[in-house]
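Chains, contacts and geometry: an overview
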Amino acid sequence: MNILAFETSCDETSVAVVRDGRELLANEVLSQNDLHALYGGVVPEIAARSHLEAIARLTDKALAAAGCGIDAVAATAAPGLIGALLVGLNFAKGYALAKGLPLIPVHHMRGHVAAAYIAEPDLKPPLLAAVVSGGNTLFMEVLDYTTYRMVGGTRDDAAGEAFDKGARLLGLGYPGGAALSRLAAEGDDTRYKFPVAEMEGAPYDTSFSGVKTVLRNLVHHAKQLYGDDWADGFDLPSLAASYQKAILDALVDKLCAAANALGYDAVVLAGGVAANRVLCARLRERLGNRIHIPPVYLCGDNAAMIAAQAYYESLDGVFAPMSQNAYATFDVEKALC
Ligand code: KG4
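Please read these numbers as outputs of a predicted model, since none were measured by experiment.

1. Re the packing of helix H8 (residues 236-262) against helix H9 (residues 277-287)
Contact geometry for H8 and H9: axes closest at 10 Å, N-to-C directions at 30 degrees. Put simply, H8 runs roughly parallel to H9. Here H8 and H9 pass one another in a crossing that is right-handed. Only Val278, Leu279, Arg282, Leu283, Arg286 and Leu287 of H9 make contact with H8, whose side of the interface consists of Gln244, Lys245, Leu248, Asp249, Leu251, Val252, Asp253, Leu255, Cys256 and Ala259. Within the contact of H8 with H9, the residues separate by chemical class into 10 nonpolar, 1 polar and 5 charged.

2. Looking at the sheet that holds strand E2 (residues 12-19)
Strands sit in the order E3-E2-E1-E4-E5 across an open sheet of 5 strands; the sheet is mixed. Each end of this open sheet is capped by a strand with a single partner; those strands are strand E3 (23-31) and strand E5 (103-107). Shown here is a sheet whose adjacent strand axes are inclined to one another by a mean of 20 degrees, direction ignored. Here strand E1 (residues 2-7) pairs with strand E4 (residues 72-78) via 4 bridges, running parallel.

3. Things to note about the site of the ligand
What surrounds the ligand is a group of 18 residues, the closest being Gly134, Asp164, Gly177, Gly272 and Asn276. The separation between an oxygen atom of the ligand and a polar side-chain atom of Ser133 is 3.3 Å. Within the side chain of Ser181, one N or O atom sits 3.2 Å away from a nitrogen atom of the ligand. For the ligand, the accessible surface in isolation is 550 Å², of which the surrounding protein chains cover 86%.

4. Quick look at the pairing of strand E6 (residues 127-132)
With 6 of its 6 residues buried, E6 lies for the most part within the structure. As judged from the 6 bridges shared by E6 and strand E7 (residues 137-144), these two strands associate in the antiparallel manner. Each residue of the ladder has a partner; that of Val132, found in E7, is Thr137. As consecutive antiparallel partners, E6 and E7 are separated by 4 residues. Strand direction decides the pairing type here: E6 and strand E10 (residues 267-270), joined by 4 bridges, are parallel. Looking at the pairing, Ala129 lines up with Val268 of E10.

5. Some thoughts on the pairing of E7
Burial analysis of E7 places 6 of its 8 residues in the buried class, the great majority of the element. One ladder, built from 6 bridges, connects E7 with strand E8 (residues 147-154); its direction is antiparallel. From the neighbouring strand, Met140 faces E8, where its bridge partner is Met150.

6. Section: helix H6 (residues 177-184)
The set of residues buried in H6 consists of Gly177, Ala179, Leu180 and Ala184. Considered in projection along H6, the buried side chains sweep an arc of 165 degrees and stay on one side of the axis. In this fold, the buried residues of H6 make contact with helix H5 (159-169) and H8.

7. Considering the side chain of His112
Along the chain, His112 turns up in helix H4 (residues 108-119). Residue classification places His112 among the buried residues on the basis of a relative accessible area of 0%. Residue contacts for His112: discarding those within four places in its chain leaves Val131, Ala270, Gly271, Cys299, Gly300, Asp301 and Met305.

8. Here's the deal with the sheet that holds E10
Ordered in space as E9-E8-E7-E6-E10-E11, the 6 strands form an open sheet in which the pairing is mixed. Both edges of this open sheet fall to strand E9 (205-206) and strand E11 (291-292), since each of them pairs with a single strand only. Note: E8 against E9, 2 bridges, orientation parallel. Within the sheet, the bridge partner assigned to Gly153 lies in E9 and is Asp205. Strands E6, E7, E8 and E10 of the sheet are contacted by H4, whose axis makes an angle of about 115 degrees with E6.

Rules of the game
- Residues numbered from 1 in each chain as written.
- Predicted model: local features only at pLDDT ≥ 70, side-chain atom pairs only at ≥ 80, totals over all residues.
- Heavy atoms only, no water.
- Axes fitted to C-alpha atoms, helices over the stretch in contact; angles between N-to-C directions.
- Helix = DSSP H or I, 4+ residues; strand = E, 2+ residues; numbered from the N terminus.
- Parallel < 35°, antiparallel > 145°, perpendicular 65-115°, else oblique.
- Left-handed = near helix turned anticlockwise from the far one by under 90°.
- Contact = heavy atoms within 4.5 Å.
- Nonpolar A, V, L, I, M, F, W, Y, C, P; charged D, E, K, R; others polar.
- Pairing = 2+ DSSP bridges.
- Near = heavy atom within 4 Å.
- Polar contact = N/O pair within 3.5 Å; in protein donor to acceptor, adjacent residues only side chain to side chain.
- Areas by Shrake-Rupley, 256 points an atom, 1.4 Å probe, with all protein chains shown as cover.
- Buried < 20%, exposed > 50% of the residue type's maximum accessible area, 1.4 Å probe, protein only.
- Arc of directions from axis to C-beta.

Okay, structure coming up:
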């Protein structure tokens, strides 16, 4: 089954074609980073308008690259920026209606996990998955392709958001996760102390707002004292390394504890923060060949992962009516229609 999928939940417009959930035929991704960098974060209105401008062109490119017939259409229906989601979902509806094809709604988090099915054709649930991105950080049991159970995650900021906000405080631009991790590579991660949050009674939950606040207070205090020369008093690479370590300590410890306690042989790491090499190395060190990490181009937001998950949703009979809505938030355990 060849599925044409659309992903527009945040600031990447993406259109892909995937065969039987595993074989990648086309994956067009257009990042809006440059547009949002001006504002230091994603502007929802600009994101939605930019998806609208790009989506038809990317669809033509994806269909030409795939060069095959299409059997079903899929779109991310939740969670995400509501205006942005509506562009992809409604474009998918229009395409499905015009061609007389079924429409499959996909939960964005389930899609992130399905990136691993494309990367490793033999990988199957049950597995434990961590989706660690700019908007979400959550750990889920994937009992079968369409049965999810939440295990834990952040109570507030996502890990990628903590990277981005930290990078912004250090003047590294937006989105700054990659820049912060590059700077951190030159530093000593034991030089500064940042807190790692523990939640009473919730061993797999964490929080990143505290670590961000500590960095903000350090930088603001230095700016009040030294103005433009605020950075002179810091070893900036070590500050970045110590900040990164606090975020990664929480992620690695919680995920490994969950994997061991729940007895999972397969653990999937997905989402944009999976591009962080230190995170990947630490998980490989702790979990050995139990950890599965898709390549970076499948970890960031993309429609290929949506097409992959859509295939398994379709095997479960998940087809949407034309009245299907998009949702800014939606429980990953529940069916979208
Ligand atoms: O999944 P994704 O592409 O989409 C959103 O959720 O928006 O994730 C993007 C996130 C951003 O927060 C970005 O800063 C972060 O992934 N990121 C990184 C690295 N590369 C990207 N965070 C830490 N280290 C990296 N090397």
